[in-house]
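# Notes for the structure review
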Amino acid sequence: MKILVLNSGSSSIKFQLMDTADRKVLCKGLIERIGLADAIFNYEKAGCPKTREVRPILDHTTGIKLILDALVHPECGVLASLDEIAAAGHRIVHGGERIKQSVLLCDETLRLIDECTPLAPLHNPANLMGVHAMQALLPTIPNVGVFDTAFHATMPRYAYMYALEYSYYEKHGIRRFGFHGTSHQYVAMRGAEILGKPPAEFNCVTCHLGNGVSLTAVKGGRSMDTTLGFGTVCGVPMGTRSGDVDPAALMHLIDELGMTSRQVCDLIYKGSGLKGISGLTNDMRDIEQAAAAGHERAELALEIFAHAARKYIAALATSLEDRVDAVIFTAGIGENGAEIRERICKGLGFMGVHLDPARNTVRGKEAIVSTDDSPVKVMVVPTNEELMIALDTEAIVKASRA
Ligand code: AMP
């Protein structure tokens, strides 16, 4: 099935046309600076050079129209007709409590997504713009929403509840949601495939370590617990986000230092993490370089990052009960950061995680990087959220036709 995968941001649209039959990308691209006269349309057809065009793209409908035109372009196109597109799969950030899986987008589900806007004010409205544009341009093609939160809908109540006074959950919906679900779902599925295990019998801790970071306990293909929560700031420190901080410390900043809630919010989302500790940058490569050159706070940032990731791998393993088959690393740092993987795994021998330093030099490729006799396999699995969205979209469309 040919599926157009769309990830619409407020000023950008990432797209891929995928053939689910062979999991191949037919073409892909990115529109940036939507709303401006000098927007950029990047396009790449498999096996051909990339193109980059600067032109006015004032809204998402114009952007998606350009994408559709490119797909059927006589030279750089990949389709004879737009009728070949079976469906569009849209990445949607927040499905709240009521959307627990990928869904066909209709008036009712779009209303539910809109209701989640207060939970993801920057993302959900932008995601919806992409859906509305597709509905306007290709009204006969089904649209499917695939949610960052949905994979975590299987978490048991004791994992998603905070121990705040109960009415804050009941009346105000304060709970853990979790994010990066499509990435965790994909690497857990792929990890089972690589090891030749039935997904229903495969238990792993998935470590999505990128500019954003979350780790998840996946038991038989189901999320049991995850490090991100109501928002996208807790757990392991990230590029600029703090990870866990005692809320009492944040209250202290407000009550004793007179900071506003907005200033505290900026601090924990934009001024902390690798950047805040090192005083340098949010980029892991630069932090590693600086640490190697003797920069003390860059070294401290690495230590804090590795300690938190290691601590959460061990903690999440408790949600897998009797058996951990694998620890899987993915996203920019997880896929490429051999050194940081080594730092993280170093203290995990007690739970049967034994890294093979020679195998662990791999970057950006699927690999098993543990020793042959390591009871828990350590794996690198490059994430592929677009493929997961395409596969989910295909499944939903097939089910809707049955
Ligand atoms: P992402 O958000 O998944 O694109 O990941 C971005 C992060 O991956 C940044 O902190 C990069 O520095 C990091 N990254 C990319 N390549 C490497 C590498 N070779 N070693 C360590 N970190 C890397």
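As a reminder, the structure under discussion sits directly above these lines.
In this report, we go over the structure that sits alongside the text. (Residues numbered from 1 in each chain as written. Predicted model: local features only at pLDDT ≥ 70, side-chain atom pairs only at ≥ 80, totals over all residues. Heavy atoms only, no water.)

Turning our eyes to something else, we now look at the overall build of the protein. Counting its secondary structure elements, the protein contains 14 helices and 14 strands. Against the 2.2 N^0.38 benchmark of 21 Å for 402 residues, the protein shows a C-alpha radius of gyration of 22 Å, consistent with a compact globule. Each principal axis of the C-alpha atoms in the protein carries an extent, and together these give about 55 × 55 × 45 Å. Contacts in the protein between residues at least 24 apart in sequence constitute 60% of all its contacts with a sequence separation of at least 6. Accessible surface, the protein: about 18,300 Å² in total, of which carbon and sulfur atoms supply 54%. (Helix = DSSP H or I, 4+ residues; strand = E, 2+ residues; numbered from the N terminus. Rg over C-alpha atoms; globule rule 2.2 N^0.38 Å. Contact = heavy atoms within 4.5 Å. Areas by Shrake-Rupley, 256 points an atom, 1.4 Å probe, with all protein chains shown as cover.)

Another point: the site of the ligand. Around the ligand sit 13 residues in total, of which Asn 211, Asp 283, Met 284, Arg 285 and Gly 332 are the nearest. Where the shell around the ligand is concerned, the elements lending two or more residues are α10 (284–292) and α12 (331–336). At four residues, α12 tops the list of elements feeding residues into the shell around the ligand. Class assignment for the residues of the shell around the ligand results in three nonpolar, six polar and four charged. (Near = heavy atom within 4 Å. Nonpolar A, V, L, I, M, F, W, Y, C, P; charged D, E, K, R; others polar.)

Right, let's get into the nonpolar core. Membership of the largest hydrophobic core comes to 46 residues, with the highest contact counts inside it found for Leu 209, Phe 305, Ile 313, Phe 329 and Ile 344. For this core, the secondary structure elements donating two or more residues are β9 (203–209), β10 (213–219), α10, α11 (296–317), β12 (326–330), α13 (338–346) and β14 (377–380). (Core = buried A, V, L, I, M, F, W, Y, C linked by side-chain atoms within 4.5 Å. Buried < 20%, exposed > 50% of the residue type's maximum accessible area, 1.4 Å probe, protein only.)

As a further point, take the environment of Tyr 168. Note on placement: Tyr 168 falls in helix α5 (residues 167–170). If sequence neighbours within four positions are ignored, Tyr 168 has contacts with Gly 173 and Ile 174.

On to unusual backbone geometry. Of note, the phi angle at Arg 23 is positive, near 55 degrees, even though the residue is not glycine. Considering the arrangement of structural elements, one finds Arg 23 in the loop between β2 (13–19) and β3 (24–32). Even without being a glycine, His 180 presents a positive backbone phi close to 55 degrees. Note on His 180: relative accessible area 14%, which makes it buried.

Glancing now at the side chain of Thr 117. For Thr 117, the position within the fold is in the loop between α2 (107–115) and α3 (124–137). The class of Thr 117 is buried, set by a relative accessible area of 19%. Only 2.8 Å separates the side chain of Thr 117 from the backbone oxygen of Asp 114, close enough to count as a polar contact. The residues contacting Thr 117, other than those within four sequence positions of it, are Asn 124 and Pro 125. (Polar contact = N/O pair within 3.5 Å; in protein donor to acceptor, adjacent residues only side chain to side chain.)

With that out of the way, let us pick up the packing of aromatic side chains. Aromatic ring pairs are reported here in terms of the distance separating the ring centres and the angle at which the planes meet. Here the structure, examined in full by the defined rule, presents six aromatic pairs. Judged by centre distance (6.0 Å) and plane angle (40 degrees), the ring pair of Phe 177 and Phe 230 falls under tilted. Placement of the pair is Phe 177 in the loop between α5 and α6 (181–195) and Phe 230 in the loop between β11 (222–226) and α7 (247–255), with a sequence separation of 53 residues. For the cation-ring pair, Arg 175 lies above Tyr 160, with the distance from its terminal atom to the ring centre recorded as 3.8 Å. (Phe/Tyr/Trp six-rings, centres within 6.5 Å; stacked < 30°, edge-to-face > 60°. Lys NZ or Arg CZ within 6 Å of the ring centre and 35° of its normal.)

A few words on the packing of α7 against helix α8 (residues 261–270). For any two helices packed against each other, one specifies the inter-axial angle together with the distance between the axes. For the pair α7 and α8, interaxial distance at closest approach is 9 Å and the crossing angle is 135 degrees. Overall, the two elements α7 and α8 adopt an arrangement that is oblique. Relative to α8, the crossing made by α7 is right-handed. When α7 is examined against α8, the residues Leu 250, Leu 253 and Ile 254 are found in contact with a partner set consisting of Ser 261, Val 264, Leu 267 and Ile 268. Here the contact of α7 with α8 is composed, by residue class, of six nonpolar, one polar and no charged. (Axes fitted to C-alpha atoms, helices over the stretch in contact; angles between N-to-C directions. Parallel < 35°, antiparallel > 145°, perpendicular 65-115°, else oblique. Left-handed = near helix turned anticlockwise from the far one by under 90°.)

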